[in-house]
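# Coordinates in review
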Amino acid sequence: MAGGVEASSEDRSPGLEEATTAFRPEAPVVALDEHRRAVAPVAQSPAPLARSAQPWRVLVVAGEEESFLLVRDLLARAEPPVFRVDWAATGEAALRRLTASHYDVAVVDEVLSDREGAEFVRMLQRRGFRTPVVLLSEDLDQLDPTTAIALGVGDTIGKEELEVGRLVRSLRFAVARKAQTDRLDHLAQYDDLTGLANRALLRDRLARALAAARRHGSLVAVMVLDLDGFKQVNDTLGHAAGDRLLVEVAERLRARVRETDTVARLGGDEFALVIEDLLRPEHAAFVARKLLDALEPPIRLDGREARVGASLGVAVYPRDGEDPALLLRLADAAMYAVKAEGGRGCRFHDSRLDQRMQRGAILESDLRRALERGEFVLHFQPQVALSSGPIGVAAVLRWQHPELGLVELERFRAAVEECGMIEPLGAWMLTEATRRVRGWRDTGLGEVVLGLPVLSRRQLGWSRIGEQVVGALQEAGVPRASVELEIEERLVCADVQAGGTGLRGLVEQGLRVAIEGFGADQASLRPLCEAPLHTLKLARELIRGAPQKARRARFLRALVGLAKELGLRVVAEGVETRAELALLRAAGCDAVQAVTSCPPLPADACGAWLREAAARSAGGP
């Protein structure tokens, strides 16, 4: 083949031609010479076709083979020869090729065997194809340029003026014009700083979401989010740091929703979200909580930590309204209500949803179906040892919700207790936990202590949790010391005030007990004196900032010393900095449990992590 141009074709199908004769010709399409001159300063001088570049793929859509051969032979003589030319004899054949492969540009004959070229270009636009188009015409004077521009034709060229240079320039212009159009479209719809949708695209997406919700009977949540503390970052670190913070916030918000949802920046530090295809209004509360949680961790800017929270307002279609502008106004008003109360929280336009959100925002039927369908999962977070002793792992209960993704325990704990599911869910957790411990021991990991959360004080005082744990451990064939029941500080305090019978019953059966989140609330040291404990887990609130505050550092060292004096193992939760880690190590802390050292992992991944840790420990320093 001359000039190094490759060519292929897809023959016409007589049956297909007959099936498509119902397409009626539209108004003729014409040259874009005047329009091309008008936009040339924007799209002029596309990059030269380098000899080392990948070949441009050109699809010639022409009913007559002569047109294809003419274009192919001209491009074969181009310098340098960097075109690969394919042929489709009908519009349907061209659609199949464009669906199956990428083409840089299409040359479309004005007259096809199964339809007009203009009708084919209109079909491309209607079906969302983005391929630049050059229209090949017998008579440019008979074509309407307005129609051609509306169709999105990149350029037109008459067959009588076809020659190598003219054809190559036309292809280049069509590609450059398409790139410029796409860029302008993007600028018109997306925020330049964060890449999120802008206000105009948000309105369009919201209108489409509401239309889909009407058809399918689903719900849509509209959320308006404004950052708390952003002005302080801007004032202290500068506008460049503020911009980087906004980019990070955008990424965190985008990571917490589905691809089908929309995250937009309205301007400044204000964002909006459209959450589609919800089954119940309460499900929006889960999403809201995930968004607020996403902004909790600090953001590193110029070597410093910046913390921002958010005020979030929510309106739900159709309960709160059916008009897009109204829903945005209601969500905005709910957001300002949060601001008026001090910020860093969420409010629904409907007060009943606010109340349900505080209770966990989950209905009993949701939870029961979740247990039946196996939607609950246990993840496991290793406790990285700072001293010798058994390997510690904490079990983390999560809900793999089919719509809302991975939901943390705190978002549904209250609802579980309200609807009487504490015991069946606790039994499932126990079975799953002991099975995992047995599996780890069978792989040679040796002594592993698994911390298992106690969900409610009801389990301590009014259930047979001790007997259940002992029975499960015996059935799994693992020692009783292999499971440590982790009980929140408030539950331990409540049990102590009630006489301590719940905890004593566990310890009398040979089980280990840990007090979890110690120091998170205003509590006394009474539980350390009176509760039969084996492990003290220090809350993040006690550790944050301790290395920089001498009084807090002394208190932390004294607390660890007291715990060691009482024979307790000490685990620090939520350690985030090297300075905090050094302080805890020097104080005699036994282990740390933090995302920075190791996040919660699926069971198999945790087993692999533990084996690697054991191998490193056996190998020595």
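The rules we used
- Residues numbered from 1 in each chain as written.
- Predicted model: local features only at pLDDT ≥ 70, side-chain atom pairs only at ≥ 80, totals over all residues.
- Heavy atoms only, no water.
- Helix = DSSP H or I, 4+ residues; strand = E, 2+ residues; numbered from the N terminus.
- Buried < 20%, exposed > 50% of the residue type's maximum accessible area, 1.4 Å probe, protein only.
- Contact = heavy atoms within 4.5 Å.
- Areas by Shrake-Rupley, 256 points an atom, 1.4 Å probe, with all protein chains shown as cover.
- Phe/Tyr/Trp six-rings, centres within 6.5 Å; stacked < 30°, edge-to-face > 60°.
- Lys NZ or Arg CZ within 6 Å of the ring centre and 35° of its normal.
- Pairing = 2+ DSSP bridges.
- Right-handed = clockwise from strand over helix to strand, strands pointing away.
- Core = buried A, V, L, I, M, F, W, Y, C linked by side-chain atoms within 4.5 Å.

## Concerning the overall build of the chain
When its secondary structure is counted, the chain shows 25 helices and 22 strands. Burial analysis of the chain (621 residues in total) assigns 51% to the buried set. Residue pairs at least 24 apart in sequence account for 71% of intrachain contacts in the chain once pairs closer than 6 positions are excluded. Just so you have it, the chain exposes about 28,900 Å², and 49% of that area is on carbon and sulfur atoms.

## Overview of the packing of aromatic side chains
Going through the model one piece at a time under the given rule, you end up with 7 aromatic pairs. Geometrically, the ring pair formed by Phe 286 and Trp 399 is edge-to-face, given 6.1 Å between the ring centres and 90 degrees between the ring planes. Of this pair, Phe 286 sits in helix 11 (residues 283–294) while Trp 399 sits in strand 15 (residues 391–401), and the two are 113 residues apart along the sequence. Considering the side-chain rings of Trp 399 and Phe 412, the 5.6 Å spacing of their centres and the 80 degrees angle between planes classify their relative orientation as edge-to-face. Pair noted here: Trp 399 is in strand 15 and Phe 412 is in the loop between strand 16 (405–408) and helix 15 (413–418), with a separation of 13 residues, a long-range link. Like Phe 412, Trp 399 is buried. The positively charged end of Arg 57 is found above the aromatic ring belonging to Tyr 103, 4.4 Å away from the centroid.

## Focus on the pairing of strand 12 (residues 309–317)
Among the 9 residues of strand 12, 9 are classified as buried, and the element is accordingly described as predominantly covered. Burial of strand 12 is two-sided: the residues Gly 309, Ser 311, Gly 313, Ala 315 and Tyr 317 facing one way and the residues Ala 310, Leu 312, Val 314 and Val 316 facing the other way are all buried. Bridge count between strand 12 and strand 13 (residues 345–348): 4 bridges; the pairing is parallel. Along strand 13, the bridge assignment pairs Leu 312 with Cys 346. Running through helix 12 (residues 324–340), the crossover from strand 12 to the neighbouring parallel element strand 13 is left-handed.

## Topic: unusual backbone geometry
Residue Tyr 317 is joined to Pro 318 through a cis peptide bond whose omega torsion reads 5 degrees. Within the secondary structure, Pro 318 is located in the loop between strand 12 and helix 12. Positive phi, normally seen in glycine, also occurs at Asp 277, with a value near 55 degrees. Unlike most non-glycine residues, Asp 302 shows phi in positive territory, near 55 degrees.

## Thoughts on the nonpolar core
Ranked by internal contacts, the top residues of the largest apolar core, which has 78 residues, are Leu 367, Phe 380, Leu 397, Phe 412, Leu 538 and Leu 584. In terms of residue count, helix 16 (residues 422–442) provides more of this core than any other element does, 7 residues in total. The next biggest cluster of nonpolar side chains, apart from the first, holds 37 residues, and it includes Leu 227, Ile 275, Leu 301 and Cys 346.

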